[in-house]
Amino acid sequence: MLKRLVHLVRRAYFQFMTPAPTSLLRCDPDAITFPSSFSIPSISSPDTHQALIRASQVLRQGQCVAFPTETVYGLGALALEPAAASRIFSTKGRPADNPLIVHVSSFEMLQNLLPADFVLPRTYQVLTQHFWPGPLTLLFPTVPSIVPSVITANQPTVAIRMPSHPVARALIALTQAPLAAPSANSSGKPSPTRAEHVFRDLDGKLPLILDGGPCDVGLESTVIDGLHDDGNIRILRPGGVTVEDIQRVLAKEFTGSEETPKVLVHRRDYRDDAIEQAPTTPGMKYRHYSPSVPVVLLHTSSQSGKHKPTSFHEFLKEIRAYTAEPTEVGLLATEDSPLWSHTVADTSNIHWHGFTLGPSTQPIIAARRLFDGLLTLEQEGVGLIIVEAFEEVQEGLAIMNRLQKAASESYWVSLDK
Ligand code: TXA
Ligand code: MG
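What you see is a predicted model, and the numbers here were worked out from it, not measured in a lab.

Student: Mind laying out helix 14 (residues 395-406), listing which residues take part and the relevant values?
Tutor: Spacing of three or four residues puts side chains on the same side of an α-helix, whose turn is 3.6 residues. Taking 1.5 Å per residue, twelve residues should reach 16 Å; helix 14 reaches 17 Å between its end C-alpha atoms and fits that length. Most of helix 14 sits inside the fold, with ten of its twelve residues counted as buried. Taken together, the buried residues of helix 14 touch strand 12 (233-237), helix 9 (243-253), strand 13 (263-265), strand 14 (295-300), helix 13 (363-379) and strand 18 (384-388).

Below is the structure:
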């Protein structure tokens, strides 16, 4: 009798407490084409077609699916079904007051989310024409009877983007419903740029991951608020579309008597008390982008400004406090960085793990590789990750935005000898 009871309890435990395995299905982006710009996709590979059909079935059942976008992998669920959208929060361990981005595959889908009388501001017309589909998120006035409050966290706006990744667009189009999708990582961790990053982090917590290969952009979308009366563009989160790209496009399209709108970056060009209070932008309130080991940001002397740099040797002495012996330390830096020769010359007992971020002249490559680098070095078991700081121009602005949130401390060193 007792034996039978133990057996039943054990069976119930394994049925309900052990996580169901997560399937990983390959989805070939090259097999997906869109005959006209926003129509239903045509899919040449039967396996990819099957994977997408399966994923949209899982989504329609109210469950989560991780899928690739051009920026990072997203953790998707039906945006207009509160119970489905809530699952995203429990799967990621995301605080409920942090709103989600809604992803659409067509302008018709966008239109159905907006107030009937809403007219797209001229800036939004220009930005969507140039950057959609793509890594740009825009805030719109929300209609609470359409978009559930779990998505907007009761903000008066809803963030919407149209991703360009063929798998993301095809999945939304086949599901015939907008998908809410934050980055597919446990809250606070670096965003995943490969299916295996998602699998390592969330295995057992969701039924399905679509593997569409590595993400091209590597950092999340640029989040823009263009709803202010002054017509200016406010960047809440720098990302895949750079400030310079946006300025160039606005300067080209606003001609004659039209005044070109300003592009203002939050915290660099303006502050906003409401935003500072509400956790509506990454890193304002919560920890972000941090692997399970400490990250330190290393500024080299040419960027030191008002900070007094120490020598590389002194810096190594200080960081030794972070890690236990034997000292495994990761270094993320551009391939032409002078830091590499300093690590080679280092005669301490540090065992260096390197990950290169492409040439310093091409921050677009560093953006693509940054999260992969943090996650790879963490996986290699280092006790500390050092990342070389970037100049805050082009993609460097978004890179530094993420690094300043990931890093627990910043150091300034002089590498001149
Ligand atoms: O590239 C991306 O944007 C990726 C992919 C998956 O699309 N998604 C993504 O989602 O980065 P998430 O949740 O990790 O970041 C979205 C950020 C949130 O931190 C949130 O604070 C902000 O956008 N956000 C969402 N709705 C907002 C709103 N109504 N007002 C202000 N900020 C909002
Ligand atoms: Mg995120």
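Student: Give a detailed account of the pairing of strand 4 (residues 65-68), specifying residues and quantitative values.
Tutor: Remark: a regular strand shows side chains that alternate across the two faces of the sheet. In strand 4, alternate side chains face the same way, and those of V65 and F67 on one face and A66 and P68 on the other are all buried. Where strand 4 meets strand 5 (residues 73-78), four bridges bridge the pair, whose relative direction is antiparallel. Bridge pairing in strand 5 links F67 to G74. Counted along the chain from strand 4 to the antiparallel partner strand 5, the turn is four residues long. Relative to strand 10 (residues 208-211), strand 4 runs parallel, the two being bridged by two bridges. Opposite V65, over in strand 10, you have L208 as the bridge partner.

Student: Describe the pattern of salt bridges, and please don't skip the residues or the numbers.
Tutor: A full pass over the atoms with the stated rule returns eleven salt bridges. Of the charged contacts, one joins R161 and E70 as a salt bridge, the two residues approaching to 2.7 Å between their closest N and O atoms. Residue R161 is found in strand 8 (residues 157-161), and its partner E70 is found in the loop between strand 4 and strand 5; the two are separated by 91 residues along the sequence. When sorted by exposure, R161 lands in the same class as E70, which is buried. When the shortest N-O distance is used, the salt bridge between E258 and R122 registers 2.7 Å.

Student: Break down the nonpolar core for me, citing the residues and quoting the values.
Tutor: L52, F140, I151, I160, L210 and I246 are the most contacted members of the largest nonpolar core, which has 81 residues in total. Considering each element in turn, this core owes the most residues, six residues, to helix 7 (residues 166-175). Apart from residues lying up to four places away in sequence, I246 is in contact with L127, F131, T222, I224, I235, V241 and V263. In terms of nonpolar packing, the next biggest core, distinct from the first, is built from 26 residues, V382, I399, A406 and A407 among them.

Parameters at a glance
- Residues numbered from 1 in each chain as written.
- Chains lettered and ligands numbered in written order.
- Predicted model: local features only at pLDDT ≥ 70, side-chain atom pairs only at ≥ 80, totals over all residues.
- Heavy atoms only, no water.
- Helix = DSSP H or I, 4+ residues; strand = E, 2+ residues; numbered from the N terminus.
- Expected span 1.5 Å × (residues − 1).
- Buried < 20%, exposed > 50% of the residue type's maximum accessible area, 1.4 Å probe, protein only.
- Contact = heavy atoms within 4.5 Å.
- Pairing = 2+ DSSP bridges.
- Salt bridge = Lys/Arg side-chain N within 4 Å of Asp/Glu carboxyl O.
- Core = buried A, V, L, I, M, F, W, Y, C linked by side-chain atoms within 4.5 Å.

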